[in-house]
Amino acid sequence: MSEAKWYVVHTYSGYENKVKANIEKTIENRHLEDQILEVRVPLEDVVEVKNGVSKTIQKKMFPGYVLLNMVMNDDTWYVVRNTRGVTGFVGPGSKPVPLTEAEMRPLGIQEQSVVVDFEVGDTVNVIGGIWKDTVGVVQSINESKQIVTINVELFGRETPVEISFAEIQKM
């Protein structure tokens, strides 16, 4: 299996979030989680002054574009290309070109590897967020999204919950 790279998809203006939601839904429905790892609409904080009042808002860095971290193959290309609101991949003709490391740096997206001291089956304690002080057993680890799925007891039954790496510690 080839390596996942970042690609840029052109969308209708104003459809970026809708395209992101549609692609994420398709990933879930077709079980492509291991091939399309992340869908992103890059945002930046901008200070806007209206009527003498300044407030910070989030604006799209690239209106009309969505970033995808994916393994390029016929299935993933077809799924993304035929998503409602997508006009095509960025690249010559119909051949998508992945972003280089130099192009990724200004976007604040680095390929980082996180070393965690827990694995599937370990009991962990939640040290932050809404599940603070909850104890659960690790069911799965998603390193690309930096989250773990743990089972917590809720209303007398085991319920899977996704929690970020930063919010848990091994017991």
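Bear in mind that the values here come from a model prediction, so they are computed numbers and not experimental data.

Thresholds applied
Residues numbered from 1 in each chain as written. Predicted model: local features only at pLDDT ≥ 70, side-chain atom pairs only at ≥ 80, totals over all residues. Heavy atoms only, no water. Pairing = 2+ DSSP bridges. Helix = DSSP H or I, 4+ residues; strand = E, 2+ residues; numbered from the N terminus. Axes fitted to C-alpha atoms, helices over the stretch in contact; angles between N-to-C directions. Buried < 20%, exposed > 50% of the residue type's maximum accessible area, 1.4 Å probe, protein only. Contact = heavy atoms within 4.5 Å. Core = buried A, V, L, I, M, F, W, Y, C linked by side-chain atoms within 4.5 Å. Patch = residues over 30% accessible without salt bridge, like charges linked within 9 Å, V, L, I, M, F, W, Y side chains within 5 Å. Areas by Shrake-Rupley, 256 points an atom, 1.4 Å probe, with all protein chains shown as cover. Salt bridge = Lys/Arg side-chain N within 4 Å of Asp/Glu carboxyl O.

(A) How the structure looks around the sheet that holds strand E8 (residues 135-142). Taken in spatial order, the five strands make up an open sheet running E10-E9-E8-E7-E11, and their pairing is antiparallel. If you trace the sheet from one side to the other, it starts and ends with strand E10 (157-164) and strand E11 (168-170), each paired once. Between one strand axis and the next, the sheet turns by 45° as a mean value, whatever way the strands run. For strand E7 (residues 123-126) and E8, the ladder comprises three bridges, and the chain directions are antiparallel.

(B) View of the side chain of glutamine 35. Residue position: glutamine 35 is located in the loop between helix H1 (16-30) and strand E2 (36-40). Note on glutamine 35: relative accessible area 16%, which makes it buried. The residues contacting glutamine 35, other than those within four sequence positions of it, are Asn69, Met70, Val71, Asn73, Asp75 and Thr76.

(C) View of the nonpolar core. Within the largest apolar cluster, 16 residues are counted, with the highest numbers of intra-cluster contacts made by Ile23, Ile36, Val39, Leu68, Met70, Val80 and Phe89. For this core, the elements supplying multiple residues, two or more each, are strand E1 (5-11), H1, E2, strand E5 (65-70), helix H2 (74-81) and strand E6 (86-89). With near-sequence residues (within four places) excluded, methionine 70 lies in contact with Glu3, Ala4, Lys5, Tyr7, Gln35, Ile36, Leu37, Thr76, Trp77, Val80 and Phe89. Judged by nonpolar contacts, the second largest core, of 11 residues, contains Phe118, Val126, Val148 and Val152.

(D) Representation of the environment of asparagine 125 in the model. Inspection of the secondary structure assignment puts asparagine 125 in strand E7. As for asparagine 125 and tyrosine 78, which are separated by 47 residues in sequence, their C-alpha atoms are 42 Å apart. Those residues in contact with asparagine 125, other than ones at most four positions away along the chain, are Asp133, Thr134, Val135, Glu167, Ile168, Gln169 and Met171.

(E) Representation of a nonpolar patch on the surface within the structure. A contiguous nonpolar patch, built from Phe62, Tyr65 and Val90 and spanning about 230 Å² of accessible area, is present on the exposed surface. Relative to the elements of secondary structure, phenylalanine 62 occurs in the loop between strand E4 (53-60) and E5.

(F) Seen up close, the sheet that holds E1. Reading across the sheet, the four strands line up as E2-E5-E1-E6 and stay open at both edges, with antiparallel pairing between neighbours. If you trace the sheet from one side to the other, it starts and ends with E2 and E6, each paired once. Each neighbouring strand pair of the sheet contributes to a mean axis angle of 30°, computed without reference to strand direction. Contacting E1, E2, E5 and E6, H1 crosses the sheet at an angle of about 165° to E2. Those strands touched by H2 are E1, E2, E5 and E6, and its axis lies near 145° from that of E6.

(G) Examining the pairing of E5 more closely. The element E5 is largely enclosed, with a buried count of five among its six residues. With six bridges joining them, E1 and E5 adopt antiparallel strand pairing. Bridge assignment links histidine 10 to a residue of E5, and that residue is tyrosine 65. Where E2 meets E5, four bridges bridge the pair, whose relative direction is antiparallel. Paired with valine 39 across the two strands is leucine 68, which belongs to E5.

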